[in-house]
Protein chains: 2
Amino acid sequence: MTGTLTPMHTRHRRYHHGDLRAALLSRAEETLREKGPAALSLRELARDLGVSHAAPSRHFKDKQALLDAMALTGFERLTGVLAASQDGAGETFSKRVDAMVRAYVGFARDNAELLDLMYSIKHDPGASDALLEATQHWSDLVVRLIGEGQARGDVREGPMERVGLPVFATLHGYADLAVTGMLPPEADEHGLDDVIAFILRGCAP
Amino acid sequence: MTGTLTPMHTRHRRYHHGDLRAALLSRAEETLREKGPAALSLRELARDLGVSHAAPSRHFKDKQALLDAMALTGFERLTGVLAASQDGAGETFSKRVDAMVRAYVGFARDNAELLDLMYSIKHDPGASDALLEATQHWSDLVVRLIGEGQARGDVREGPMERVGLPVFATLHGYADLAVTGMLPPEADEHGLDDVIAFILRGCAP
DNA sequence: ACCTGAACACCGTTCAAGT
DNA sequence: ACCTGAACACCGTTCAAGT
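Residues numbered from 1 in each chain as written. Chains lettered and ligands numbered in written order. Predicted model: local features only at pLDDT ≥ 70, side-chain atom pairs only at ≥ 80, totals over all residues. Heavy atoms only, no water.

An unreviewed UniProt entry lists chain A under the name TetR/AcrR family transcriptional regulator, from Streptomyces coacervatus.

*Asks:* Got a minute to help me understand the domain arrangement of chain A in this structure?
*Replies:* Accessible area lost when the parts come together is the quantity often used to give the size of an interface. All names here are of chain A. Taken domain by domain, chain A consists of domain 1 (1-60) and domain 2 (61-203). The centre of domain 1, based on its C-alpha atoms, is set 33 Å off from the matching centre of domain 2. Contact residues are listed per partner, giving twelve residues for domain 1 and 14 residues for domain 2. Carbon and sulfur atoms make up 68% of the area that domain 1 and domain 2 hide from each other, which totals about 1,100 Å². The tally of links between domain 1 and domain 2 comes to one salt bridge. The salt bridge involving E29 is made with R77; its shortest N-O contact spans 2.8 Å. One can count five residue pairs in polar contact (both at pLDDT 80 or more) joining domain 1 with domain 2. Mapped onto the side of domain 1 that touches domain 2, the elements with two or more residues apiece are α1 (20-35) and α2 (42-49). The dominant element in the side of domain 1 that touches domain 2, judged by the number of residues it contributes, is α1, at six residues. The residue makeup of the side of domain 1 that touches domain 2, split by class, is seven nonpolar, two polar and three charged. (Domains from an automatic or database assignment. Contact = heavy atoms within 4.5 Å. Buried area = accessible area lost by both parts, 1.4 Å probe. Salt bridge = Lys/Arg side-chain N within 4 Å of Asp/Glu carboxyl O. Polar contact = N/O pair within 3.5 Å; in protein donor to acceptor, adjacent residues only side chain to side chain. Helix = DSSP H or I, 4+ residues; strand = E, 2+ residues; numbered from the N terminus. Nonpolar A, V, L, I, M, F, W, Y, C, P; charged D, E, K, R; others polar.)

*Asks:* Got a minute to help me understand the relation of the copies chain B and chain A in this structure?
*Replies:* Each of the two chain copies goes to the other by way of a rotation about an axis and a shift along it. Note on the copies: chain B fits chain A at an RMSD of 0.0 Å, the axial shift is 0.0 Å, and the rotation between them is 180°. Classification of the inter-copy transformation places it as that of a two-fold axis. Same-surface contact between copies: 100% of interface residues of chain B are shared with the interface of chain A. (Least-squares fit on C-alpha atoms with pLDDT ≥ 70 in both.)

*Asks:* Help me understand the packing of aromatic side chains, please; the structure alone is not making it clear to me.
*Replies:* Two numbers describe a pair of aromatic rings. These are the distance of the centres and the angle of the planes. All names here are of chain A. Applying the stated criterion across every chain, the model contains five aromatic pairs over all chains. With a centroid separation of 5.1 Å and 25° between ring planes, the pair formed by Y104 and W138 is classed as stacked. Taken together, the residues Y104 in helix α4 (residues 93-110) and W138 in helix α6 (residues 129-152) connect sequence positions 34 residues apart. Note on accessibility: Y104 and W138 belong to one class, buried. Site record: aromatic cluster; members linked through ring pairs are Y104, W138 and F168. (Phe/Tyr/Trp six-rings, centres within 6.5 Å; stacked < 30°, edge-to-face > 60°. Buried < 20%, exposed > 50% of the residue type's maximum accessible area, 1.4 Å probe, protein only.)

Below, the structure written as structure tokens:
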């Protein structure tokens, strides 16, 4: 008997406020970002959302299933950001590379813990098909960029997978260094420019 | 009353077989390699070694302290391998780069889970001084290699940190892709050669 | 010095039972 | 359909007490 007239919010205790699954995902990402992966606990998540500790199991059979779903949303957002970076990037190959590198490193900086999770989950063998597909989408973007560069004569000849792999490695490596805090302080100034120039030289015919 | 005459092994239960600390480290690395990081448990380690679950706390105040010590031995071994790769690598810059890249990727392949642990620990802010020093040693090796290349005229001018960072990023990124199984199958054939050639082009004056 | 045993507060997972 | 409550087997950590 709260005295309120809003029938949809009689109290904090109903069958939750609509979509427990989405609430779990969003709260989980929040605590991942704020307290790190070790602090992620199904029971604490349930407590935070005011449901019983067993409730999450209706939506995620496992803790691993929750982590998988988090990684999947991460990959989807990442590919969205990368695709968007190409839209207004201009014509030249070097501008398109510049835009993609900055988009990727930006995502890495803004979602460091999530990116770590994404890679660690991609790592283990039981990765879901949806997840493999999402990672495929994003490597396709790099492949397409390289292909365009070849068509313009800005990139050396060769199978795209072979030409693209070192680019991918450099991009991923720099982002990972940024994420894990291993970049020396001087890198903030010129690091990104240097890496982009390095990639362009490595690609040149 | 076992009837044996060897006084040092009256039974499996003494104050352990000499060095519990070393035994914990070596067993921990074994289970890390075989069952992954999630399976690492102080209690199970203690069980495996036939001591009580509280015994490890004499040698490692924390689970984190054990992980730190594991990472430290990993960094020491890695710098050893990298330094050794330069000894018989020959004179030319490209041969020295080739040797170091192969040594690093080889270590990454042979110690995938440990390398993951090493980076994740380097990540978090409470890293010990010994650990920071160990990572410093190994980035010094890359810096020295670049410096020699510059002295010979094989590497473009510029501050070594700036010239070396993209090299470091590429090396790290490729090793990480190899470790996390993200390399496409074709990469086994030419991947390493392509990456080395890419690095050399990126460094060239 | 080095280890044991009991205790405490926390997990993830499962399952009958409730609405 | 969705959630609760109790139960189980596991953790990490601490601390008096043993040798």
